[in-house]
Amino acid sequence: MAFPQPTLLLATSALLGICISPSCGGTQASENHIAVKLPGGQIPQFDEQRAMEDLRYLCEEIGPRRIGTLGGEKTRQWLQTQLSTLDGWQVEEDSFLAEPPLGARRRGEVQGVNLLAKLPGNQAGEIWICSHYDTFDTPGFVGANDGGSSTVVLLELARQWQSQTPRQGQTLVLAWFDGEEKFPPLEWDDFTNSTFGSRSLAERMEKDGSIRNISALILLDMVGDSQLGVLKETTSNSRLKRIMEQAASVLDDPNLFVGQRDIKDDHIHFRRRNVPAINLIDFNYGPANSYWHNQKDNLDHVSAKSLGRIGRLILTALPAVEQSFQPRKPSKRN
Ligand SMILES: [Zn+2]
């Protein structure tokens, strides 16, 4: 899901002062000079039909994927099976306990599991691409868009990025978070009733210092709407926003972005720990967002084309993200 804030700022694409011309050519990234180019001069390959077949499997064969349920476990097993056929990816599970707040329909502690896939690189730093795979707790909800779309985009990115290791560049990490959704009927709360998996992981990584290895984090959520219009989340890192805008431009897809809005989502727990982060989300799903969190979030209202637009955006943006963001140096311990 993702929790909307009340203010809606429809913004024009703020491209002032940024060079998007291929002739710019510079390799030194600065706040006002980031060159995004098509990788190898070509539109990157992203098999959107295969991603759509994955989404069909997720919705029709697995179905609801609430935290701590068999659907969630089946999803992880399926993702791990898919990843095991690819070169280079190292997969691990990250378990945590989520406690539904008093008054929630669910009672007692719930075991959640984040799934992480790493493709080690030969340079310092990690670029994280993230999604949540759990679904909202309401009867018959399969989350084709909310939870499903970004999950299958990450899987297809894993196929496209697979390589012998170490890859040339920073380490890539794909993170499928569990427990992003709140426990109903209670309202969303950033710290007690939502984002259980990302919050747990960010806390642990802050404690052991590994969060400083993350150079940048890109969160995808609700990216499958057949009428796709992506928000650049207001509080997201401004340089990441500009790179994404430029990537859409070089892909000749400038209408992909429709404005900005403050959205609470898995990225907040990394952002508040100073990780440069962006949330790419379409929060206008059906008329007046009426397909959100109900049975209308199904395969009829998502499209392969939208999955492809997002997949190619990330593939195109990655080199500029790697060039522009480096890991933070370890802090001195007293
Ligand atoms: Zn949701």
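Procedures and definitions
Residues numbered from 1 in each chain as written. Predicted model: local features only at pLDDT ≥ 70, side-chain atom pairs only at ≥ 80, totals over all residues. Heavy atoms only, no water. Helix = DSSP H or I, 4+ residues; strand = E, 2+ residues; numbered from the N terminus. Buried < 20%, exposed > 50% of the residue type's maximum accessible area, 1.4 Å probe, protein only. Contact = heavy atoms within 4.5 Å. Areas by Shrake-Rupley, 256 points an atom, 1.4 Å probe, with all protein chains shown as cover. Lys, Arg positive; Asp, Glu negative; His and termini not counted. Salt bridge = Lys/Arg side-chain N within 4 Å of Asp/Glu carboxyl O. Pairing = 2+ DSSP bridges. Axes fitted to C-alpha atoms, helices over the stretch in contact; angles between N-to-C directions. Parallel < 35°, antiparallel > 145°, perpendicular 65-115°, else oblique. Left-handed = near helix turned anticlockwise from the far one by under 90°. Core = buried A, V, L, I, M, F, W, Y, C linked by side-chain atoms within 4.5 Å.

*Asks:* When you look at the overall build of the protein chain in this model, what are you seeing that I'm missing?
*Replies:* When its secondary structure is counted, the protein chain shows seven helices and nine strands. Burial analysis of the protein chain (334 residues in total) assigns 57% to the buried set. Once local pairs closer than 6 in sequence are excluded, the contacts in the protein chain between residues at least 24 apart make up 80%. For the protein chain, the computed accessible surface area is about 14,100 Å², with 47% contributed by carbon and sulfur atoms.

*Asks:* Would you explain the side chain of E126 in this entry?
*Replies:* Mapped onto the secondary structure, E126 falls in strand 4 (residues 121-132). As a buried residue without a salt bridge, E126 has its nearest oppositely charged side chain in K118, at a separation of 4.1 Å. Those residues in contact with E126, other than ones at most four positions away along the chain, are K118, Q170, T171, V173, N213, I214, S215 and A216.

*Asks:* Mind showing me how you'd approach the pattern of salt bridges here?
*Replies:* Where charged atoms from two side chains of opposite charge come close, those side chains can pair. Under the counting rule described, the total for this entry stands at 18 salt bridges. A salt bridge links D94 to R204; the shortest N-O distance between them is 3.2 Å. Of this pair, D94 sits in strand 2 (residues 90-98) while R204 is found in helix 4 (residues 196-208), placing the two residues 110 residues apart along the sequence. Judged by relative accessible area, R204 falls into the partly exposed class, the value being 37%. Notably, a salt bridge pairs E206 with R273, separated by 2.9 Å at the nearest N-O pair. Highlighted residues: E206 in helix 4 and R273 in the loop between helix 6 (268-271) and strand 9 (277-281), separated in sequence by 67 residues. Taking relative accessible area as the criterion, E206 reaches 44% and is therefore assigned partly exposed. It is possible to trace a salt-bridge network through shared partners that takes in D47, R50, D54, E156 and R159.

*Asks:* Is there a simple way to explain the pairing of strand 6 (residues 214-221) in this structure?
*Replies:* Side-chain direction in a regular strand flips from residue to residue, so the side chains alternate between the two faces of the sheet. Across the eight residues of strand 6, eight count as buried, placing the element largely inside the fold. Bridge analysis of strand 4 against strand 6 gives five bridges, and the strand direction is parallel. In the strand pairing of strand 6, E126 is matched with I214. The pairing of strand 6 with strand 9 spans five bridges and is classified as parallel. Of the residues in strand 9, the one forming a bridge with L220 is L280.

*Asks:* What should I look at first to understand the environment of L220 in this one?
*Replies:* Its place among the elements puts L220 in strand 6. Look at L220 and you get buried, because its relative accessible area is 0%. Sequence separation between L220 and I314 is 94 residues, and the spatial gap between their C-alpha atoms is 9.8 Å. What L220 contacts, discounting residues up to four positions off in sequence, is I129, C130, S131, S150, V153, L154, L280, I310 and I314.

*Asks:* Looking at this structure, how should I read the packing of helix 5 (residues 238-250) against helix 7 (residues 304-324)?
*Replies:* Packed helices, taken two at a time, are described by the angle between their axes plus the distance between the axes. One way to put it is that helix 5 packs onto helix 7 with a least axis distance of 9 Å and a crossing angle of 140°. It follows from the interaxial angle that helix 5 and helix 7 lie oblique. Of the two elements, helix 5 crosses helix 7, and the hand of that crossing is right-handed. Facing R239, L240, I243, M244, A247, A248 and V250 of helix 5, the residues of helix 7 in contact are L313, I314, T316, A317, A320, V321 and S324.

*Asks:* What is the right way to read the nonpolar core from this model?
*Replies:* One broad trend across soluble globular proteins is that nonpolar side chains are buried collectively. The biggest cluster of nonpolar side chains holds 69 residues, and the ones touching the most others in it are I129, W161, W176, L220, L280 and I314. The greatest single-element share of this core, amounting to 10 residues, is contributed by helix 7. Every residue in contact with I129, bar those within four places of it in the chain, is listed here: L154, L157, W161, V173, L174, A175, I218, L220 and I314. C130, I211, L219 and V275 belong to the second-largest nonpolar core, a separate cluster that totals 16 residues.

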